[in-house]
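The lines below spell out each chain.
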Amino acid sequence: MSVHLHWFLPTGGDGRTLVDRHAYGPNRAGAVRGVRPPDIEYLAQIAKAAEQLGFEAVLTPTGTWCEDAWLTTVALAQHTERLKFLVAFRPGVISPTLAAQMAATYQRLTRGRLLLNVVTGGDSAEQRRFGDHLGHDQRYARTDEFLSVVRGVWRGEPYDFDGVHYQVEGGLTALPPDPVPQVFFGGSSAAAGPVAARHADVYLTWGEPPTQVKEKIDWIRGLAEREGRDVRFGVRLHTISRDSSAEAWATANRLLDDLDADTIAAAQTALGRSESVGQQRMLALHGGSRADLEIHPNLWAGVGLVRGGAGTALVGSHAEVADLIEEYHALGVEHFVLSGYPHLEEAYWFGEGVIPELAARGLVEGRTTKAGLPLLVSGGR
């Protein structure tokens, strides 16, 4: 079982700080220290770097504060050759038959470089901005129907579906996608588990400590077995990897320098309103406090003090980060969706430092010398 490494496209803005970077706005590029707007030129730099460094795909988020994932990634496909795009989208704001058609078109335009990240949504206020007024558990029930329709119409013949949320007569994707995109899906609630078991190719969790990740894997694996399915597993994490452990932790601590008590308190209040069980589990890892942020050796919860979603980071020397990846891999995690601030620089730190470590351990296919030995990059640069 090899490790599949993926990077992240910061379509909501990027920078050298954890402070909210939605301030890029019209005519505000450069107005906030350390903030980079998500223009196509910058995103193309990240995509090209990810491809060159050996990442398989890049995750593109979805939501109010992001550029549209479908449009952005199909544009970036023209700047890359092999890189796949893990496109996040919300089932409740688009017809499942149209989504199936879009995915099929995308596969043809990019020659098979689409992966799908289905985001059911854990914040009702965010959902209402898009006209979606269903409650948390109802959204997962709708996602269940949505994915049933998508997979049904991908068969290439008329498909009927009569559900609570969708009624489809003769649904059809005239030219089905080839290959069929893998479906990545996450959710920590009781309502999410059965949906993952029935539809996910890869169940994706945020970076909790390994013991908690194992509990989730066992849970989803058991549900999938009852459905007669085999689900693979992935984890979403940030990373700060350096030539030495001391350098990495110094970088992590510098990210906290911008965060005063009021900033953290305001962020924790906002995140605490989320209906997402996964988000609540992230918040519980640090309790809003700067103390004891290393919640497992080389696993740091500092990002989650002010950022929603994935709130933990792999922090350490290249070898230490590789050790923790290997620990997750031993539990059954195959896919690692990684990011770091700023995303361009951190892609190089990880790609030139950690990937050779993983290749030397036989976990990824590494670049080789003429003698067939792994090409290790000295000094992380």
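In this text, all values refer to a predicted model and were calculated from it rather than measured experimentally.

## Quick notes on the side chain of Lys216
Argument step 1. With respect to the element layout, Lys216 can be found in helix 7 (residues 210–226).
Argument step 2. Relative accessible area serves as the criterion here: at 5%, Lys216 is assigned to the buried category.
Argument step 3. Discounting residues that sit within four places of it in the chain, Lys216 has contacts with Ser188, Tyr203, Thr205, Glu208 and Arg281.

## Some remarks on the packing of aromatic side chains
Argument step 1. Scanning all chains against the criterion turns up 8 aromatic pairs.
Argument step 2. The interplanar angle of 65° and the centroid separation of 6.1 Å between the aromatic rings of Phe146 and Tyr166 together place this pair among those described as edge-to-face. One end of the pair, Phe146, is in helix 5 (residues 136–153); the other, Tyr166, is in the loop between strand 7 (159–162) and strand 8 (167–171), with 20 residues separating them in the sequence.
Argument step 3. Judged by its relative accessible area of 0%, Phe146 falls in the buried class.
Argument step 4. By relative accessible area, which is 12% here, Tyr166 ends up buried.
Argument step 5. Ring geometry for Tyr203 versus Phe233: centroids 6.3 Å apart, planes at 75°, classification edge-to-face. Placement of the pair is Tyr203 in strand 10 (residues 202–206) and Phe233 in strand 11 (residues 232–242), with a sequence separation of 30 residues.
Argument step 6. Overall, Tyr203 belongs to the buried group, its relative accessible area being 1%.

## Points about the nonpolar core
Argument step 1. Counting 77 residues, the largest nonpolar core has Leu5, Phe85, Tyr328, Phe336, Phe350 and Leu358 as its most contacted members.
Argument step 2. Looking at which element gives the most residues to this core, the answer is helix 1 (residues 40–53), with 8 residues.
Argument step 3. With near-sequence residues (within four places) excluded, Phe85 lies in contact with Leu9, Ala57, Val58, Thr73, Leu76, Ala77, Thr80, Tyr106, Arg113, Leu114 and Leu115.
Argument step 4. Ala248, Leu255, Leu259 and Ala301 belong to the second-largest nonpolar core, a separate cluster that totals 21 residues.

## Here's the deal with the packing of helix 2 (residues 69–76) against helix 3 (residues 96–110)
Argument step 1. Put simply, helix 2 and helix 3 touch, their axes get as near as 11 Å, and they point 10° apart. Between helix 2 and helix 3, the interaxial angle falls into the category roughly parallel. For the element pair helix 2 and helix 3, the recorded crossing hand is left-handed. In contact with Trp70, Thr73 and Val74 of helix 2, helix 3 contributes Met102, Ala103, Tyr106 and Leu109.

## Describing helix 7
Argument step 1. Here helix 7 spans 24 Å end to end across 17 residues, near enough to the 24 Å set by a 1.5 Å rise per residue.
Argument step 2. Directly after helix 7, the chain includes Gly228, whose backbone phi takes a positive value near 70°.

## Quick word on the packing of helix 5 against helix 6 (residues 192–199)
Argument step 1. Here helix 5 crosses helix 6 at 10°, and the two axes come no closer than 9 Å. It follows from the interaxial angle that helix 5 and helix 6 lie roughly parallel. Seen from helix 5, the contacting residues are Tyr140, Thr143, Asp144, Leu147, Ser148 and Arg151; seen from helix 6, they are Ala192, Val195, Arg198 and His199.
Argument step 2. Considering only residue class, the contact of helix 5 with helix 6 consists of 4 nonpolar, 3 polar and 3 charged.

## Re helix 5
Argument step 1. Between its first and last C-alpha atoms helix 5 spans 26 Å; for 18 residues at 1.5 Å apiece the expected length is 26 Å, and the two agree.
Argument step 2. Among the 18 residues in helix 5, 13 count as buried, and that is most of the element.

## A few points about the pairing of strand 7
Argument step 1. Burial along strand 7 is one-sided: the face carrying Tyr159 and Phe161 is buried and the face carrying Asp160 and Asp162 is not.
Argument step 2. Of the strand pairs in this sheet, strand 7 and strand 8 are connected by 3 bridges, and their pairing is antiparallel. Opposite Tyr159, over in strand 8, you have Gly171 as the bridge partner.
Argument step 3. Taking the residues between adjacent antiparallel strands as the criterion, strand 7 and strand 8 are bridged by 4 residues.

## Topic: the confidence of the model for the protein chain
Argument step 1. Taken over all residues, the pLDDT of the protein chain has a mean of 91, while the share at 70 or more is 92%.
Argument step 2. Every residue in residues 23–30 scores below 50 in pLDDT, and together they form 11 contacts with partners more than four places removed in sequence or on other chains.
Argument step 3. Under a pLDDT of 50 for its full length, residues 367–381 has, in the predicted model, 26 contacts with residues more than four places off or in other chains.

## Concerning the pairing of strand 6 (residues 114–118)
Argument step 1. With 5 of its 5 residues buried, strand 6 lies for the most part within the structure.
Argument step 2. A two-sided burial pattern is seen for strand 6, the buried positions comprising Leu114, Leu116 and Val118 on one face and Leu115 and Asn117 on the other.
Argument step 3. Strand direction decides the pairing type here: strand 5 (residues 84–89) and strand 6, joined by 5 bridges, are parallel. Its bridge partner being in strand 6, Val87 is matched across the sheet by Leu116.
Argument step 4. Handedness of the crossover joining strand 5 and strand 6 through helix 3: right-handed.
Argument step 5. Bridge count for strand 6 against strand 9 (residues 183–185) is 3 bridges, and the pairing is parallel. Among the inter-strand pairings, Val118 is bridged to a residue of strand 9, identified as Phe185.

Thresholds applied
Residues numbered from 1 in each chain as written. Predicted model: local features only at pLDDT ≥ 70, side-chain atom pairs only at ≥ 80, totals over all residues. Heavy atoms only, no water. Helix = DSSP H or I, 4+ residues; strand = E, 2+ residues; numbered from the N terminus. Buried < 20%, exposed > 50% of the residue type's maximum accessible area, 1.4 Å probe, protein only. Contact = heavy atoms within 4.5 Å. Phe/Tyr/Trp six-rings, centres within 6.5 Å; stacked < 30°, edge-to-face > 60°. Core = buried A, V, L, I, M, F, W, Y, C linked by side-chain atoms within 4.5 Å. Axes fitted to C-alpha atoms, helices over the stretch in contact; angles between N-to-C directions. Parallel < 35°, antiparallel > 145°, perpendicular 65-115°, else oblique. Left-handed = near helix turned anticlockwise from the far one by under 90°. Expected span 1.5 Å × (residues − 1). Nonpolar A, V, L, I, M, F, W, Y, C, P; charged D, E, K, R; others polar. Pairing = 2+ DSSP bridges. pLDDT = per-residue confidence, 0-100. Right-handed = clockwise from strand over helix to strand, strands pointing away.

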